[in-house]
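Next come the chains, spelled out residue by residue.
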Amino acid sequence: MKYQPLSSALYIKNREKFCYKLTESSVAIFNSNDIMPTNADGTMRFRQNNDLFYLTGIDQEETILLVAPDCPNPHMREVLFLRETNEHIAIWEGHKYTKEEAEATSGIKNIQWLANFEQVLNTVMALSCNIYLNTNEHLRAGVIVETQDARFIKECKTKFPLHTYHRAAPIMHELRGAKEKEEIDQLQIACDITEKGFRRILSFVKPGVTEYEIEAEYLHEFVRNRSNGFAYQPIIASGASACVLHYIENHKACLAGEMLLMDVGAEYGNYNADMTRTIPVSGRFSERQRAVYDAVLRVQKEASQILRIGTNIQDYHKEVGLIMQSELVSLGLIDDTDIKNQDPAWPAYKKYFMHGTSHHLGLDVHDVGTMHGPVMPGMVFTVEPGIYIQEEGLGIRLENNIVIQEGKGYFDLMRNIPVEAEEIEELMNS
């Protein structure tokens, strides 16, 4: 792995928090993600199941975690199962965790090879009444491929039909929503790497460069700083393409006078940054571009101020909508008549700002965590308002990542990434 792993103390603490939420006489099972195929004998890069990673720090395929905090046999209360390596695997695939390395990473004393899983499971299940199994319950998940977790659920229910089954996902959503200091430190590194990429392209962008060349500049800077690369498929959208919210073709030339919207973030240690900046291709804003840019920046700053402890996310989005409504009126994009005649389910401002302002950020770019309960200390959010004027071929979005702090408002993980229009112009023309 390229990144510096965190201390096992974090994963010990995370398992303690999880086990505290379990009912009496329970066992919980977490499976690693599969290695996904492409074509012929090709495979995609492995990406660990984030819940398993959160509880163990183990970043390897064919891994299973079993926790049974009330098991009468203390040796069986935490067991980590790994794929047994050999000389052939080492030659063809490279080094895999030894038992000693897995213990050092996870803090789990009982490390066993996968071949022993069925025997241990049978023993622990005979001493347990409840079983917690994991599924992807993200509100926006579209699960089509059957996962290892899904296969295990079917097998487990067939073999142990009389146990009481529970969902692990709600517990994991609650725990992962509020980050520990070590997690925030990883997110800060991801944001710092993202800053390096952005500063690199400020001196690179000029009329005639292509979106894919800009993408390559980011990737170069990310990987050379120990990132695996982009946290998500990057959006490098010049001109009217910026009005396509999920534009990922990144194939056009950037033309003089256009604005360039870049929604990119580096991944570091499985934690993700999520930045958006919009800059003038020619290095100077036009009067109209500057007016829209400043409006978006004002909304972003105000939104960051009202995203505090106890805030309800749904109410927050409505409040940000009213701030945006005022800015759009000032820009002449909507008027009082539009507001008076608007559909309450789709307010007038939605014509130019049609997405939400914030989402959780962490091991997932759209991380798990409540989108209906109150904001809690340690939660990390994006703040990303935008204005998209299709008739003008102009789209501007600005996005920072902030940590909600106890008694201190928020802490901006992207505080060092240039965002003021004057600084952008100065850096692009230096």
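Everything below is about the structure printed above this text.
Quick caveat: nothing in here was measured; it's all calculated off a predicted structure. (Residues numbered from 1 in each chain as written. Predicted model: local features only at pLDDT ≥ 70, side-chain atom pairs only at ≥ 80, totals over all residues. Heavy atoms only, no water.)

Let's talk about the nonpolar core
Burial of nonpolar side chains together is a common tendency in soluble globular proteins.
Right, on to step 1. Counting 102 residues, the largest nonpolar core has F18, F198, I214, Y218, I279, Y293 and I387 as its most contacted members.
Right, on to step 2. Among the elements that line this core, the one with the most residues is helix α8 (residues 181-202), at 8 residues.
Right, on to step 3. Beyond its immediate chain neighbours, meaning those up to four positions away, Y218 contacts G197, F198, I201, F230, I236, M262, V264 and M275. (Core = buried A, V, L, I, M, F, W, Y, C linked by side-chain atoms within 4.5 Å. Buried < 20%, exposed > 50% of the residue type's maximum accessible area, 1.4 Å probe, protein only. Helix = DSSP H or I, 4+ residues; strand = E, 2+ residues; numbered from the N terminus. Contact = heavy atoms within 4.5 Å.)

Comments concerning the sheet that holds strand β13 (residues 380-383)
Right, on to step 1. Read across the open sheet, the 3 strands follow the order β13-β16-β17; overall the sheet is antiparallel. Both edges of this open sheet fall to β13 and β17 (409-412), since each of them pairs with a single strand only. Adjacent strand axes in the sheet meet at a mean angle of 40° when their direction is disregarded.
Right, on to step 2. Examined bridge by bridge, β13 and strand β16 (residues 400-405) share 4 bridges and lie antiparallel to one another. Bridge pairing links T382 to N401 in β16. (Pairing = 2+ DSSP bridges. Axes fitted to C-alpha atoms, helices over the stretch in contact; angles between N-to-C directions.)

Side note on the packing of aromatic side chains
Right, on to step 1. Within this structure, the stated rule accounts for 9 aromatic pairs.
Right, on to step 2. For the ring pair F18 and F30, a centre distance of 5.3 Å and an interplane angle of 75° mean the geometry is edge-to-face. Residue F18 is found in helix α1 (residues 8-20), and its partner F30 is found in strand β1 (residues 26-31); the two are separated by 12 residues along the sequence.
Right, on to step 3. Given a relative accessible area of 1%, F18 falls into the buried group.
Right, on to step 4. For the pair F222 and F230, a centre-to-centre distance of 5.4 Å together with 70° between the ring planes defines the contact as edge-to-face.
Right, on to step 5. What makes F222 buried here is its relative accessible area of 0%.
Right, on to step 6. Three or more aromatic residues joined by ring pairs form one cluster here, namely F81, F117 and F152. (Phe/Tyr/Trp six-rings, centres within 6.5 Å; stacked < 30°, edge-to-face > 60°.)

Let's talk about the packing of α8 against helix α13 (residues 421-428)
Right, on to step 1. Interaxial distance between α8 and α13 falls to 8 Å at its minimum, and their mutual angle equals 60°. Relative to α13, the element α8 lies oblique. Residue-level contacts link F198, R199 and L202 of α8 to E423, I424, L427 and M428 of α13.
Right, on to step 2. Split into classes, the residues belonging to the contact of α8 with α13 amount to 5 nonpolar, no polar and 2 charged. (Parallel < 35°, antiparallel > 145°, perpendicular 65-115°, else oblique. Nonpolar A, V, L, I, M, F, W, Y, C, P; charged D, E, K, R; others polar.)

Considerations on the sheet that holds strand β2 (residues 64-67)
Right, on to step 1. Taken in spatial order, the 6 strands of this open sheet run β4-β3-β2-β1-β5-β6, and their pairing is mixed. Bordering the open sheet on either side are β4 (110-113) and β6 (164-167), each of which pairs with just one other strand. Put simply, the sheet's adjacent strands are angled 20° from each other on average, direction ignored.
Right, on to step 2. Inspection of the sheet shows β1 paired to β2 by 4 bridges, in the antiparallel sense. Residue pairing in the sheet places F30 in a bridge with L65 of β2.
Right, on to step 3. Helix α6 (residues 148-159) contacts β1, β5 (130-133) and β6 of the sheet and is inclined by roughly 140° relative to β1.

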